[in-house]
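In case you want the letters, here they are:
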Amino acid sequence: MKSIKDLNFSPAGEYFPSPLDWRDIVLYSLLVDRFDDGSCRLCFGDAGVRDAVRSPENRQAFQGGNLRGVMSRLDYIAGLGAKGIWLSPVFKNRPERDDTYHGYGIHSFLEVDPRFGTVEELRELVSKAHDRGMYVILDIVVAFTGDNWAYEGDHFCEYSTELMEPYPFGFWRTLSSGNNGSCNDAVWPQELQLKQFYMRRGKIRDWKMEGPEAVEGDFDTLKKLDIRQREVLDILIRIYKFWIRTADIDGFRLDAAKHMDPLSAARFCSAIREYAKALGKHNFLIFGEIASGYQTIQQYLKGCAFCAVNGRRHHGFDAALDFPLSYILERVVKGFSSPEELRWVYDSTNPLYANSRDPGVNSVTFLDNHDRNRRFMHQNPYREQLVLALGYQLTSLGVPSIYYGTEQGFDGGGPDLHYVRECMFGGVWGAFGRCRTGFFDTENLVYKSIARLAAIRMQEPALRYGRQYFRETSTNGIDFAHPGDRHCTLAYSRVLDDDEIVVALNLDFHARNDFITIDFTMNEEGEWLADLLQPQFRVQVVKRHGRSSVQVRLGGLQMAILKKEKLCAG
């Protein structure tokens, strides 16, 4: 297909319904090229693979992962407790480039990149996931296209506030030698082959900048579309409606959403949401990558802001990736920041958590992701700290997302983003500095811990929907305060109706035996709370000076999830 005129939007049978609440779903984020290729390969620990050392020159090359590979690992992902698969973009990138393995340099919005597979394989993957009760979220790009054209003279152009007019358009990139063009030339659909549809303002200089430069500049070599033009935005809306209809997709994650103006983002979300409802997907998830602070994030969220045009309200994203929490949580668990900074995240001014009706519904939380220069475990010998951070993520507010390889303790880090995009299945850019080594060990500490925590989260509604309160602690049961350094038990409660679950994380390397405040009205003196991670471990409620508390002994870097024991009816 070369034109949006070729697209069919009529329903093609029954569609898989949305989950009632996305907080019920743990997401698993993966890069298709780096995850698996569907073939049987040697795994870590097998003879003959441990001395295979990777070369940095291979970090930007396609590794061969594909949709078949993702299909072959559905049981692996489900075993982790993840019911949502977040795929990197699968659309066709420029065929002459070998450095867009990530999928974001889109050449044709209407095709699956043959290096990843086919449309039929995408459909099959989604269908097989649905058969297991799993959902598929597609990473999409709305604000940019790939490097499909060049500025005049193929020169590098940089954003300038002094530029009064767009830079002159140079030429469409081509692979064909004739004048008739080919499917590998320019950009597709053909409706996007108009130079006036592009900002042509040059590359963004300062990635921390917000305002005109962020929404007008090119993303490195990716060319910025002028989505403020209604015609351009309508083309993109129709493209992505087509993919919902064609592949039965359950949600979208919008890449580089901070580089969209809020009105265009809200218009896009409103149109997609309505189309999904027409297909029976009444809770189609749309969340954005807004790598900024909460004040900026608030401008894009459905529950916090809206844009009105011609009397119609356009609501933005259902949720956003919680970048501030990611950075702070890592620093707190590792002891580099005070737990007070973590409490600040949940201040009532934070739009991701201020929704009292559905706390945390606007937040997709994460530790590692593909846009950071290092993973949580980079130069960190303590896997127990990773388990603590994941334990926090899976028992706190929000929709948790696990980045592929985190469950295997991947420790990538380096001078650019490619170092956190290791190959899971072998390849020449594997984890731990290796190549030709696969990592799908379901018996390692981190994988098993995530699976256990996800199971507890699923069985306890309070851990998914409950309000969250940080608790004061004490070493003597008399003097209580919120902890201020790493030598502490970080404790918080999730409260839903009359159900309180207390989570305690010992951030110290040494054992602690701290008292933790719990809800005075919900807990009677002498009642027992059991640890859902270790049911044989129990603590008793003590009431003193108008305060209820429990004394919780934890080993170094250990956690507990405490719930009141229910008495059996006589």
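This section reports on the structure supplied with the text. None of these values were measured; they are calculated from a predicted model. (Residues numbered from 1 in each chain as written. Predicted model: local features only at pLDDT ≥ 70, side-chain atom pairs only at ≥ 80, totals over all residues. Heavy atoms only, no water.)

### Some details on the overall build of the protein chain
Then, number 1: Broken down by element type, the protein chain carries 13 helices and 28 strands.
Then, number 2: Here the protein chain has a C-alpha radius of gyration of 25 Å; the compact-globule value for 570 residues is 25 Å, and the two agree.
Then, number 3: By principal-axis analysis of the C-alpha atoms, the protein chain measures approximately 85 × 65 × 50 Å.
Then, number 4: Of all 570 residues assigned to the protein chain, the portion counted as buried reaches 59%.
Then, number 5: Taking contacts inside the protein chain between residues at least 6 apart in sequence as the whole, the part at least 24 apart equals 74%.
Then, number 6: The averaged location of the 76 negative side-chain charges in the protein chain is 1 Å from the averaged location of its 69 positive side-chain charges. (Helix = DSSP H or I, 4+ residues; strand = E, 2+ residues; numbered from the N terminus. Rg over C-alpha atoms; globule rule 2.2 N^0.38 Å. Buried < 20%, exposed > 50% of the residue type's maximum accessible area, 1.4 Å probe, protein only. Contact = heavy atoms within 4.5 Å. Lys, Arg positive; Asp, Glu negative; His and termini not counted. Charge placed at Lys NZ, Arg CZ, Asp CG, Glu CD.)

### Focus on unusual backbone geometry
Then, number 1: Cis geometry is adopted by the peptide bond preceding proline 189, which originates at tryptophan 188 and carries an omega value of 15°.
Then, number 2: Position of proline 189 relative to the elements: it lies in the loop between strand S8 (169–172) and helix H5 (212–216).
Then, number 3: Positive phi outside glycine occurs at aspartate 248, with the angle close to 60°.
Then, number 4: By the secondary structure assignment, aspartate 248 is in the loop between helix H6 (230–247) and strand S10 (251–254).

### A few points about the sheet that holds strand S14 (residues 319–321)
The pairing of strands in a sheet happens through backbone hydrogen bonds and is either parallel or antiparallel.
Then, number 1: Spatial strand order, S1-S2-S5-S10-S11-S14-S15-S16: eight strands in a closed barrel with parallel pairing. If you compare each strand with its neighbour and ignore which way they point, the axes differ by 25° on average. (Pairing = 2+ DSSP bridges. Axes fitted to C-alpha atoms, helices over the stretch in contact; angles between N-to-C directions.)

### Description of the side chain of arginine 486
Then, number 1: Of note, arginine 486 is situated in the loop between strand S20 (473–474) and strand S21 (489–496).
Then, number 2: Here lysine 334 takes part through its backbone oxygen, which lies 3.2 Å from a polar atom of the side chain of arginine 486. (Polar contact = N/O pair within 3.5 Å; in protein donor to acceptor, adjacent residues only side chain to side chain.)

### A short note on helix H4 (residues 119–131)
Then, number 1: Along its 13 residues, H4 runs 18 Å from first to last C-alpha, staying within 8% of the 18 Å computed at 1.5 Å per residue.
Then, number 2: All of the buried residues along H4 are Glu121, Leu122, Leu125, Val126, Ala129 and His130.
Then, number 3: Of the surrounding elements, those touching the buried residues of H4 are helix H2 (67–72), helix H3 (74–79), strand S2 (84–87), strand S4 (106–112), strand S5 (135–140) and H6.
Then, number 4: The positive-phi residue at the C-terminal boundary of H4 is glycine 133, with phi of around 75°. (Expected span 1.5 Å × (residues − 1).)

### Regarding the pattern of salt bridges
Then, number 1: Going through the model one piece at a time under the given rule, you end up with 44 salt bridges.
Then, number 2: Residue arginine 173 pairs with aspartate 154 through a salt bridge whose shortest N-O separation is 2.9 Å. Linking arginine 173 in the loop between S8 and H5 with aspartate 154 in the loop between strand S7 (149–151) and S8, this pair joins segments that are 19 residues apart in sequence.
Then, number 3: Look at aspartate 154 and you get partly exposed, because its relative accessible area is 41%.
Then, number 4: Between glutamate 500 and arginine 471 there is a salt bridge, and its shortest N-O distance comes to 3.0 Å. Highlighted residues: glutamate 500 in strand S22 (residues 499–506) and arginine 471 in the loop between strand S19 (467–470) and S20, separated in sequence by 29 residues. (Salt bridge = Lys/Arg side-chain N within 4 Å of Asp/Glu carboxyl O.)

### Considering the nonpolar core
Then, number 1: Among the nonpolar cores identified, the biggest contains 138 residues, and Tyr28, Leu87 and Tyr240 are the most heavily contacted of them.
Then, number 2: Of the residues forming this core, the biggest block, eleven residues, is contributed by H6.
Then, number 3: The residues contacting tyrosine 240, other than those within four sequence positions of it, are Phe91, Ile106, Phe109, Ile140, Val141, Val142, Phe252, Phe268 and Ile272.
Then, number 4: Counting 14 residues, the second largest nonpolar core, distinct from the first, contains Ile25, Leu27, Phe366 and Val399. (Core = buried A, V, L, I, M, F, W, Y, C linked by side-chain atoms within 4.5 Å.)

### Notes on the environment of aspartate 75
Then, number 1: Counting through the fold element by element, aspartate 75 comes out in helix H3.
Then, number 2: Aspartate 75 sits 54 residues away from alanine 129 along the chain, and the two C-alpha atoms are 9.5 Å apart.
Then, number 3: Only 3.0 Å separates the side chain of aspartate 75 from the side chain of arginine 132, close enough to count as a polar contact.

### A short note on the packing of aromatic side chains
Then, number 1: The tally for this structure, following the rule as stated, stands at 36 aromatic pairs.
Then, number 2: Here phenylalanine 252 and phenylalanine 284 contribute two aromatic rings whose centre-to-centre distance is 5.1 Å and whose plane-to-plane angle is 80°, an arrangement assigned as edge-to-face. You can see phenylalanine 252 sitting in strand S10 and its partner phenylalanine 284 sitting in the loop between helix H7 (262–278) and strand S11 (285–288), a full 32 residues away along the chain.
Then, number 3: Residue classification places phenylalanine 252 among the buried positions, given a relative accessible area of 0%.
Then, number 4: One aromatic cluster is present, formed by Phe91, Phe109, Tyr240, Phe242, Trp243, Phe252, Phe268 and Phe284 through successive ring pairs.
Then, number 5: Of note, arginine 73 hangs over the ring of phenylalanine 440, and the distance from its end group to the ring centre comes to 3.6 Å. (Phe/Tyr/Trp six-rings, centres within 6.5 Å; stacked < 30°, edge-to-face > 60°. Lys NZ or Arg CZ within 6 Å of the ring centre and 35° of its normal.)

### Re the sheet that holds S19
Then, number 1: Strand order in this open sheet of six strands is S19-S21-S22-S28-S24-S25, and the pairing throughout is antiparallel. Taken across any chain shown, the strands that pair with only one partner, and hence form the sheet edges, are S19 and strand S25 (538–540). Pairs of neighbouring strands in the sheet enclose a mean axial angle of 25°, with direction left out of account.
Then, number 2: Here S19 runs beside S21; their pairing, made up of four bridges, is antiparallel. Looking across to S21, one finds that phenylalanine 470 is bridged to tyrosine 492.

### Brief notes about the packing of H6 against H7
Then, number 1: Packing of H6 against H7 brings their axes to within 10 Å, and their N-to-C directions diverge by 35°. When you trace H6 past H7, the crossing you get is right-handed. Residues Arg230, Leu233, Leu236, Ile237, Tyr240, Lys241, Ile244 and Arg245 of H6 lie in contact with H7, whose contacting residues are Ser264, Arg267, Phe268, Ala271, Ile272 and Tyr275.
Then, number 2: Its residues placed into classes, the contact of H6 with H7 shows nine nonpolar, one polar and four charged. (Left-handed = near helix turned anticlockwise from the far one by under 90°. Nonpolar A, V, L, I, M, F, W, Y, C, P; charged D, E, K, R; others polar.)

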